[in-house]
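One-letter residues, chain by chain:
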Amino acid sequence: MDILALELIDEIIGHVDEKDGLRRFDLRTCSLVCRFWVPSSQRRLFHRIKFKYPLWQYRELHAEIRQLDQLLLNSPHIANYIRVLKLPDMTYVSRFTDVRGLDEPLSPLLPKLTQVQKIEIHGLAWNDLRLERDLRQSLCKVLELPSVSFVCIYGAQFNGMDDFMNFISHARSLTCLLLYPDAMWMSQNPVALDDTQADDNKHTERCCISRLDMRFRCNNPGSVSWLLGPRSHLDVSHIHTLHIYLPDEAKDDSFNRLLCTIGSSLKHLCISLPCLSW
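Residues numbered from 1 in each chain as written. Predicted model: local features only at pLDDT ≥ 70, side-chain atom pairs only at ≥ 80, totals over all residues. Heavy atoms only, no water.

Asker: Would you mind going over the packing of aromatic side chains with me for this structure?
Answerer: Aromatic ring pairs: the centre-centre distance and the angle between the two ring planes describe each pair. Taken as a whole, this structure holds 0 aromatic pairs when the rule is applied. Taking the ring centre of Phe150 as reference, the NZ or CZ of Lys118 above it sits at 4.8 Å. (Phe/Tyr/Trp six-rings, centres within 6.5 Å; stacked < 30°, edge-to-face > 60°. Lys NZ or Arg CZ within 6 Å of the ring centre and 35° of its normal.)

This is how it looks when you write it as structure tokens:
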């Protein structure tokens, strides 16, 4: 095996099916072939870190986070392989009253995640009173990782576009933003900002977005107009990839204005329309 070029080893390990449920087992097996196979196996094995336990199982989740921190402490090179970080599932957090923050286990871990580029967030209810201040701060610190340029949100609730932008503004190197189907629910009623959100207003530097995916059924029809307004943290004039959902009730010209703002930089456009019922 020693005579194989590293490029061939990468190609062999690259054929491990990522959708296969035995993927992690297969990659661990590959890493045991010989020492030349270890870097390529670990690079794929640790490319995406997904926490097994949801937010409300905080005891198990804290132990899982500490286990990852200890792994990176013993093997610092593994941190260079972590590119995607999927945060704990928060979908049903509103049903539980005993939800603890993540600041304690995350504080020693975050400085080690120097190469994370993509953050995946599931089920975030930012306006839920059960989301304590320290937990909000922990989530913001994750977005503040200097290497983070890609944020993907599945199923979220915010008090409005200002509330959402105050949160997303912590990702100061953001270039790609994906909001997946049914990902956003915007309250129509203005809500006073708490201390965490008020501090966010100082982030005035705009992020230049190159990819925007807004495939969500938002109950606030002015979302696109808001993105184009002066209070938006995002500069959409350089987007090259746009995927947007146009509901039946979209009667304004916000989509046309968005295309005009983007201009000639747009290279890929995909429009999702409501399903027709017969």
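Asker: Looking at this structure, I do not really get the pairing of strand β8 (residues 211–214). What am I missing?
Answerer: Two elements, strand β5 (residues 176–179) and β8, share 4 bridges in a ladder whose sense is parallel. Each residue of the ladder has a partner; that of Leu179, found in β8, is Met214. Of the strand pairs in this sheet, β8 and strand β10 (residues 241–245) are connected by 4 bridges, and their pairing is parallel. Along β10, the bridge assignment pairs Met214 with Ile244. (Pairing = 2+ DSSP bridges. Helix = DSSP H or I, 4+ residues; strand = E, 2+ residues; numbered from the N terminus.)

Asker: Honestly, the pattern of salt bridges in this entry has me stumped. Any pointers?
Answerer: It is possible for side chains of opposite charge to pair when their charged atoms get near one another. This structure, assessed with the given rule, holds 5 salt bridges. Of the charged contacts, one joins Glu120 and Arg48 as a salt bridge, the two residues approaching to 2.7 Å between their closest N and O atoms. Taken together, the residues Glu120 in strand β3 (residues 118–125) and Arg48 in strand β1 (residues 48–50) connect sequence positions 72 residues apart. Note on Glu120: relative accessible area 5%, which makes it buried. The exposure class assigned to Arg48 is partly exposed, which follows from its relative accessible area of 35%. Across the pair Arg172 and Glu144 runs a salt bridge whose closest N-O atoms are separated by 3.9 Å. (Salt bridge = Lys/Arg side-chain N within 4 Å of Asp/Glu carboxyl O. Buried < 20%, exposed > 50% of the residue type's maximum accessible area, 1.4 Å probe, protein only.)

Asker: What exactly am I supposed to notice about helix α10 (residues 254–262) here?
Answerer: Of the positions making up α10, those classed as buried are Ser254, Phe255, Leu258 and Ile262. For α10, the angular spread of buried residues about the axis comes to 100 degrees, placing them on one side. Along its buried surface, α10 packs onto α9 (223–228), β10 and β11 (268–272). Residue Gly263 follows α10 closely and has a positive phi angle near 70 degrees. (Arc of directions from axis to C-beta. Contact = heavy atoms within 4.5 Å.)

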